[in-house]
Amino acid sequence: MVAIKETIEAVKEIEAEKYKYGFVTDIESEKAPRGLSEEVIRFISAKKKEPEWMLEWRLDAYRRWLTMREPDWARVSYPKIDFDEIYYYAAPKGFDEGPNTIDDVDPELLKTYEKLGIPLREQEILAGVKNSRIAVDAVFDSVSVVTTFREELSKAGVIFCPISEAIIEYPDLVRKYMASVVPVSDNYYSALNCAVFTDGSFVYIPEGVRCPMELSTYFRINELNTGQFERTLIIAEKGSYVSYLEGCTAPQRDENQLHAAVVELIAMEDAEIKYSTVQNWYPGDENGKGGIYNFVTKRADCRGRNSKVMWTQVETGSAITWKYPSCILRGDGSQGEFYSIAVSNGAQQVDSGTKMLHLGKNTSSRIISKGISAGRSQNTYRGQVSAHRKAMDARNFTQCDSLLIGNQCGAHTIPYIEAKNSSAQFEHEATTSKISDDQLFYCLQRGIPEEEAIALIVNGFVKEVIQELPMEFAVEAQKLIGISLEGSVG
Amino acid sequence: MADFQDLTLFWIKEMNIPVKHTTGEEAVLSLLQDAGPQASHVLESISQRGLPTRRVEAWHYTDLRNLLKHYPAVASSSESAAKNALAACKNPLPCVELPIINGGYCAELATTLPQKMLVASQTQTVDATDIASDDTIGLLNSGLVTGGLTIAVNDDAHIDDRICLSHIMTEENSAASRHNVKIGARASITLMERHLTTNSAAAVTNTVCDLELADNSIVTWVIDQQMSELATRFGQLNVKLGKQAELTILSLNSGCKLVRQEIRVEVLGEGSRLNISGVNLIGHDAHIDVTTKLDHLVPNTVSTETFRNVVAGNGRGVFQGQINVAQIAQGTDARMACNSLLLSDASEFSAKPELEIFADDVQCAHGATVSDIDENHLFYLMARGIPEKLSRDMLIKAFVAEVFDGLAVEQIGKELNNRIDNWLDNNG
């Protein structure tokens, strides 16, 4: 009954909340010249004090990007992006001297994160809820503002720092693993990201270490007309475990903003990575004005035997989402899981899903995807499950369900299922329906008002995914879903 | 690594790449050139784009550019050959026979028609510029078509005789035909499309059937393909369903080296029902692709699709099923299932069941499975003293036969099941 109560409360909050993260932080910032050129890339690289090899790598990616074409196969439509109208680097003033301690950080920035519900001072975090400490890397536009609990983590041998710092301090690790999962020219946006990425998190869990706390990165786009190009690299060595959370928000603006990230996960033998996302970028207003274009490449490589990667995502924001967190199941006995809730309302367009590529023996994967479309939104699940010729005894179960609220929206399911040997066992099922009148009637008849009843039914619909989220996220996610569906009832 | 990157680049399609034509393309182009002005648009389109590759979404799993190695000259028919051919391919079911030998209709060999229906050896031409650029079967057909039948069934006619369009190829030739079939209101009929070869010639056929069902008509349409294991077949069935019309489609593929069978249905009448059942028996070296596209365009219609595939040797099976539900098509109930059995380690199956839904008050579902024969089932039978080969055959038969069991047209079901037995003897 607790869940039901929470839902009702979440729905009540709807009126007041709308997109409560839509405020703008008034802070002076320093930007690279508008547009994209080799000079801008040199500027970014110099700002980050990067070694020569990194600059060369970026320039090489840029040259390759110039020869590539924007993909058009996804079920999304948007006006052509003018890549020369975007600022590729924006940082609050005074960030040249980093890395910073918390006391150097502009109080205005700290206030921003407090408003977002993310305290950055460790003592404040400690004063908060007991036993739920989370180390946070806060990325504001193009720079990482602060990373908490670093000392405590380093005692355990865990490296958790902004990637720009890792490039300088751990160049061997970065060179070895970066772009080993998502090659530079994997796709148009990954190549763009390689050329201009500015910040993100770097996580390295050494052999046999169970990361003592949840790690998290919070991305915030603030400046007008900037793009955020984050890059995250997580390496879990043999027998280690890490749970990583990602959150994102942006101010309410009339112009579209671009977010093109690359996330790479590498799991060695017996390692386990749990990656959870609550994506709450500004979705634009109900007429589709403004909002974030979210073109993201996320991929995990289960390199070692019996490694395991789990993607969990709650997608409520973005004007356009184009994202397929995938698993390459290379190690024998490796496992990939994908749990997703994608909620779209207003004029949002979502084309999201996953790829499970079975390459090793005895690999297994599980996909649970729940799409909810309301308003005039289009919600597409696109997924690929394939078993290589030598991937003996590959096993997959896929379930993707779509729920339609209102008759103006669309729900689409496009799975690709490819079995290349007879020992593969693939099951796929998909359903599309609206909230049934019977269910609604049942609730109404027991005196539950319509709006609460719908929230209740939606909650039941997504329960399988919510329960896979870490505690702190589950509550937030439930609220978010309620808020995103606002106004779609009746 | 190269192979792997191929996999990951999978969704990215780029267009208009082919410059150098393959031998298959060259054969097609030279035939189109000979076909004269009717083929000029198609000739231009194919010489520019080439045949579709996996980068063309509609042909994602059937890379025609690589698979189509040859396209033999258009066949000419002689009467004596036709007579022998028909005798060699005797229909085991009593039917009204409409023989189409080497692409030509042999009226003099046809059985007497029942009343209330009309068959004429003529075909309506289509404007190639109206055909979508990825509809390669339609394009090739419009360029190479040499003939076909126009069949009309009167309103209120209940035709008890089965009408059978027997397409027989006798040489290593190609043929393209286009049929127009119009079923009158409240009429009922069973029609069969048979596709055969008299020997192991590597024939290539292309048939497009346009089928229109007027309001309240009831039709069973059977597609029975048993061509030689070197043959290639392109088939397209375009259906328009009227109000309260009922259509059952049965499709069995048990031959050919390369098959692409498209079934495209526009559900245009309220209250209509559509049922598609298909079995594909995919032997060694064969590539069989069944692609369906259902457009639910009006409220309150029902469709079900059931496909069973058995893949042996290094055969490759493909199923692409698209269900589109338009915004006004409230109350649609659409279900699709595609189950596949892989019998050998070298066999492959790819499925792409798509749902595109713009209406909210609908029930739509699809399911797809791929697996080997269940070890437990096999053990159960073998523990009872049934030899392994026989046990396997029993399980495979049970897996596919279900689709044709309990049909209203019992005789056809029986005949199709016989063919499954034969195939198992050769491939199981």
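Up top you'll find the structure we're talking about.
Remember, it's a predicted structure, so these values are computed and weren't measured experimentally. (Residues numbered from 1 in each chain as written. Chains lettered and ligands numbered in written order. Predicted model: local features only at pLDDT ≥ 70, side-chain atom pairs only at ≥ 80, totals over all residues. Heavy atoms only, no water.)

Draft legend 1. Geometry of the environment of E450 of chain A. The topology assignment puts E450 of chain A in helix α11 (residues 450-466). A sequence separation of ten residues divides E450 of chain A from L440 of chain A, and the C-alpha atoms of the two residues are 7.6 Å apart. (Helix = DSSP H or I, 4+ residues; strand = E, 2+ residues; numbered from the N terminus.)

Draft legend 2. Highlighting the packing of aromatic side chains. One pass over the full model with this rule turns up 22 aromatic pairs over all chains. On the basis of an interplanar angle of 25° and a centroid distance of 6.2 Å, the ring pair of Y62 of chain A and W65 of chain A is categorised as stacked. With a gap of three residues between them, Y62 of chain A and W65 of chain A both fall in helix α3 (residues 52-66), about one helical turn apart. The class of Y62 of chain A is buried, set by a relative accessible area of 9%. Measuring from centroid to centroid gives 6.2 Å for Y170 of chain A and F202 of chain A, while their planes differ by 15°, and the two rings are stacked. Of the two residues, Y170 of chain A is situated in the loop between α7 (163-169) and α8 (171-177) and F202 of chain A in strand β6 (residues 201-205); the sequence distance between them amounts to 32 residues. Through a chain of ring-to-ring contacts, the aromatic side chains of Y62, W65, W73, Y78, F83, Y188, Y189, Y293, F295, W322 and Y324 of chain A assemble into a single cluster. Looking at R308 of chain B, its charged tip hangs above the ring of F399 of chain B, at a distance of 5.4 Å from the centre. (Phe/Tyr/Trp six-rings, centres within 6.5 Å; stacked < 30°, edge-to-face > 60°. Buried < 20%, exposed > 50% of the residue type's maximum accessible area, 1.4 Å probe, protein only. Lys NZ or Arg CZ within 6 Å of the ring centre and 35° of its normal.)

Draft legend 3. Just helix α4 (residues 107-115) of chain A, in detail. All names here are of chain A. Buried within α4 are the following residues: L109, L110, T112 and Y113. Down the axis of α4, the sector holding all buried residues measures 150°, keeping them to one side. Turned more than 90 degrees away from the buried face of α4, the exposed residues are P107, K111 and K115. Structurally, α4 contributes buried residues whose contacts are with β2 (90-92), β3 (134-140), β4 (143-147) and β7 (214-220). Just past α4, the residue G117 takes up positive phi, approximately 85°. (Arc of directions from axis to C-beta. Contact = heavy atoms within 4.5 Å.)

Draft legend 4. How the structure looks around the packing of helix α2 (residues 23-34) of chain B against helix α3 (residues 40-49) of chain B. Residues and elements named next belong to chain B. Packing of α2 against α3 brings their axes to within 9 Å, and their N-to-C directions diverge by 160°. Our classification of the angle between α2 and α3 gives roughly antiparallel. α3 is crossed by α2, and the crossing has left-handed handedness. Residues V28, L29, L32 and Q33 of α2 lie in contact with α3, whose contacting residues are V42, L43, I46 and S47. Split into classes, the residues belonging to the contact of α2 with α3 amount to six nonpolar, two polar and no charged. (Axes fitted to C-alpha atoms, helices over the stretch in contact; angles between N-to-C directions. Parallel < 35°, antiparallel > 145°, perpendicular 65-115°, else oblique. Left-handed = near helix turned anticlockwise from the far one by under 90°. Nonpolar A, V, L, I, M, F, W, Y, C, P; charged D, E, K, R; others polar.)

Draft legend 5. The pattern of salt bridges, seen in detail. On inspection of all chains with the given rule, the structure shows 42 salt bridges over all chains. K48 of chain A is paired through a salt bridge with D199 of chain A; the nearest N and O atoms lie 3.4 Å apart. Taken together, the residues K48 of chain A in the loop between α2 (38-47) and α3 and D199 of chain A in the loop between α9 (188-196) and β6 connect sequence positions 151 residues apart. With a relative accessible area of 8%, K48 of chain A lands in the buried category. For R260 of chain B, the salt bridge identified is with E262 of chain B, shortest N-O distance 2.9 Å. Judged by relative accessible area, which is 5%, E262 of chain B ranks as buried. (Salt bridge = Lys/Arg side-chain N within 4 Å of Asp/Glu carboxyl O.)

Draft legend 6. Spatial organisation of the packing of α2 of chain A against α3 of chain A. All names here are of chain A. The contact between α2 and α3 brings their axes to 10 Å, and the two run at 150°. Compared by their axis directions, α2 and α3 come out roughly antiparallel. The interaxial crossing formed by α2 with α3 has right-handed handedness. Of the residues in α3, those in contact with E38, I41, R42, I44 and S45 of α2 are L55, R58, L59, Y62 and R63.

Draft legend 7. Broad picture of the environment of C211 of chain A. Residues and elements named next belong to chain A. Its place among the elements puts C211 in the loop between β6 and β7. In this structure C211 comes out as buried when scored by relative accessible area, which is 8%. Spatially, the C-alpha atoms of C211 and V242 are 5.3 Å apart, while their sequence positions differ by 31 residues.

Draft legend 8. Highlighting the state of the cysteines. Taken as a whole and judged by the stated rule, the model has zero disulfides over all chains. Distance from the sulfur of C338 of chain B, which forms no disulfide, to the nearest cysteine sulfur (C400 of chain A) is 15 Å. (Disulfide = S-S within 2.5 Å.)

Draft legend 9. Quick peek at the interface of chain B and chain A. Listed as interface residues are 47 residues of chain B and, on the opposing side, 53 residues of chain A. At the boundary of chain B with chain A, total buried surface from both sides reaches about 4,100 Å², with 53% on carbon and sulfur atoms. Applying the counting criterion to the chain B and chain A interface returns two salt bridges. Of the charged contacts, one joins E356 of chain B and R75 of chain A as a salt bridge, the two residues approaching to 2.3 Å between their closest N and O atoms. At the surface where chain B touches chain A, the tally comes to 18 residue pairs in polar contact (both at pLDDT 80 or more). Of all the secondary structure elements, the ones that give two or more residues to the side of chain B that touches chain A are α1 (2-8), β18 (348-357) and β19 (363-371) of chain B. (Buried area = accessible area lost by both parts, 1.4 Å probe. Polar contact = N/O pair within 3.5 Å; in protein donor to acceptor, adjacent residues only side chain to side chain.)

Draft legend 10. Broad picture of the pairing of strand β10 (residues 241-249) of chain A. All names here are of chain A. The element β10 is largely enclosed, with a buried count of nine among its nine residues. Inspection of the sheet shows β7 paired to β10 by six bridges, in the parallel sense. Paired with F219 across the strands is C248, a residue of β10. Looking at chain direction, β10 and strand β13 (residues 272-279) are connected through eight bridges and run parallel. Within the sheet, the bridge partner assigned to S243 lies in β13 and is K274. (Pairing = 2+ DSSP bridges.)

Draft legend 11. Main features of the side chain of T198 of chain A. The topology assignment puts T198 of chain A in the loop between α9 and β6. Taking relative accessible area as the criterion, T198 of chain A reaches 1% and is therefore assigned buried.

Draft legend 12. Summary view of the pairing of strand β19 (residues 349-352) of chain A. All names here are of chain A. Neither face of β19 is exposed, since Q349 and D351 on one face and V350 and S352 on the opposite face are all buried. Strand direction decides the pairing type here: strand β16 (residues 320-323) and β19, joined by four bridges, are parallel. The residue bridging I320 from the neighbouring strand is Q349, located in β19. By the bridge criterion, four bridges tie β19 to strand β22 (residues 378-387) in an arrangement that is parallel.

Draft legend 13. Spatial organisation of the nonpolar core. Residues W221 and L247 of chain B are the most contacted members of the largest nonpolar core, which totals 106 residues. Excluding anything up to four places from it in sequence, L247 of chain B contacts L211, L213, V219, W221, V239, L241, R273, L274 and N275 of chain B. Core analysis: the second largest hydrophobic core is formed by 60 residues, I41, A61, A166 and L258 of chain A among them. (Core = buried A, V, L, I, M, F, W, Y, C linked by side-chain atoms within 4.5 Å.)

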